[in-house]
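# Chain and residue survey
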Amino acid sequence: MTDEIEAPSERPKTPVWFWIVGVVALIWNSFGAMDYTLTQMGNEAYLAAFTEEQLAFYLGFPLWYEAVWAIAVWSAVLGSVALLIRTKYAAPLFLVSIASYIISAAYLYGLTSAYELMNGIGGVIFSVVIFLSLVAFWWVADRGVKTGILR
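We now turn to the structure provided with this report.

What counts and what doesn't
- Residues numbered from 1 in each chain as written.
- Predicted model: local features only at pLDDT ≥ 70, side-chain atom pairs only at ≥ 80, totals over all residues.
- Heavy atoms only, no water.
- Salt bridge = Lys/Arg side-chain N within 4 Å of Asp/Glu carboxyl O.
- Buried < 20%, exposed > 50% of the residue type's maximum accessible area, 1.4 Å probe, protein only.
- Helix = DSSP H or I, 4+ residues; strand = E, 2+ residues; numbered from the N terminus.
- Phe/Tyr/Trp six-rings, centres within 6.5 Å; stacked < 30°, edge-to-face > 60°.
- Axes fitted to C-alpha atoms, helices over the stretch in contact; angles between N-to-C directions.
- Left-handed = near helix turned anticlockwise from the far one by under 90°.
- Contact = heavy atoms within 4.5 Å.
- Nonpolar A, V, L, I, M, F, W, Y, C, P; charged D, E, K, R; others polar.
- Core = buried A, V, L, I, M, F, W, Y, C linked by side-chain atoms within 4.5 Å.

Before going further, it helps to spend a moment on the pattern of salt bridges. By the definition in use, this model includes 2 salt bridges. Aspartate 142 is paired through a salt bridge with arginine 143; the nearest N and O atoms lie 2.6 Å apart. The class for arginine 143 is partly exposed, based on a relative accessible area of 29%. Measuring nitrogen to oxygen at the nearest pair gives 3.1 Å for the salt bridge that ties aspartate 142 to lysine 146. Here aspartate 142 pairs with lysine 146, and both are found in helix H7 (residues 121-147), just 4 residues apart, close to one helical turn. Linked by salt bridges that have partners in common, Asp142, Arg143 and Lys146 make up one network.

In structure tokens form, the structure reads like this:
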């Protein structure tokens with residue numbers, strides 16, 4: 001009886017489009033991280049763009065919401081990095097971000113005055129764009145796992 005050691009299968013060549021998506025994901029999600037960080041730090045220059053009502057709204061979030069916001073933002077950033085280093089953890093990180101984003105959006109649009117404060121339908125459209133981008137990044141990560149690009 002011979003023990004054959006199975007060599008790990010070769011990882012498929014990573015297509016150029018995958019790298020482009022990874023870089024776009026990191027840049028896009030870094031904007032969310034910047035927004036979160038500058039808001040949490042109370043950066044005066046950044047917050048100067050807000051009206052008094054918007055400022056009071058953003059600075060008055062309950063602690064649980066700020067935690068959900070942080071999880072949504074930072075799991076998306078980590079998922080983007082995971083795409084670029086080609087690890088399978090990108091897909092679950094984007095799922096965590098999507099779930100957290102859904103919770104935050106449900107709170108904002110269902111239980112607060114965010115619709116009025118965020119310029120009505122414009123804010124909703126931007127929120128939908130964020131959601132769809134997270135779903136697209138998750139889809140790419142999921143396909144990467146299924147094709148062996150991500151391990």
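Using the criterion set out here, one finds 16 aromatic pairs in the structure. Note on tyrosine 36 and tryptophan 69: the rings are 4.9 Å apart at their centroids and 90 degrees apart in plane angle, and the pair reads as edge-to-face. Of this pair, tyrosine 36 sits in helix H1 (residues 16-40) while tryptophan 69 sits in helix H4 (residues 63-84), and the two are 33 residues apart along the sequence. Comparing tyrosine 36 with tryptophan 69 shows no difference in burial state: the two are buried. Judged by centre distance (6.1 Å) and plane angle (75 degrees), the rings of tyrosine 46 and phenylalanine 50 are edge-to-face. Linked through ring pairs, Tyr36, Tyr46, Phe50, Phe57, Tyr58, Phe61, Trp64, Tyr65, Trp69, Trp74 and Tyr107 together constitute an aromatic cluster.

Here we come to the packing of H1 against H7. Where H1 contacts H7, the axes come no closer than 11 Å and their chain directions differ by 145 degrees. The two elements H1 and H7 cross, and the hand of that crossing is left-handed. In this structure, H1 contributes Trp17, Phe18, Val21, Val24, Ala25, Trp28 and Asn29 to the contact, and H7 contributes Phe126, Val129, Ile130, Ser133, Leu134, Phe137, Val140 and Gly144. Residue classes in the contact of H1 with H7 are distributed as 12 nonpolar, 3 polar and no charged.

Our focus in this paragraph is the nonpolar core. Formed by 17 residues in total, the largest nonpolar core has its most connected members in Phe57, Tyr58, Phe61, Tyr65, Trp69 and Leu108. Per element, the largest residue contribution to this core is 5 residues, and it comes from H4. The contacts of phenylalanine 61, once residues within four sequence positions are left out, are Glu66, Trp69, Tyr107 and Leu108. Counting residues in each nonpolar core, the second largest holds 16 residues, with Ala90, Ala91, Val140 and Ala141 among its members.

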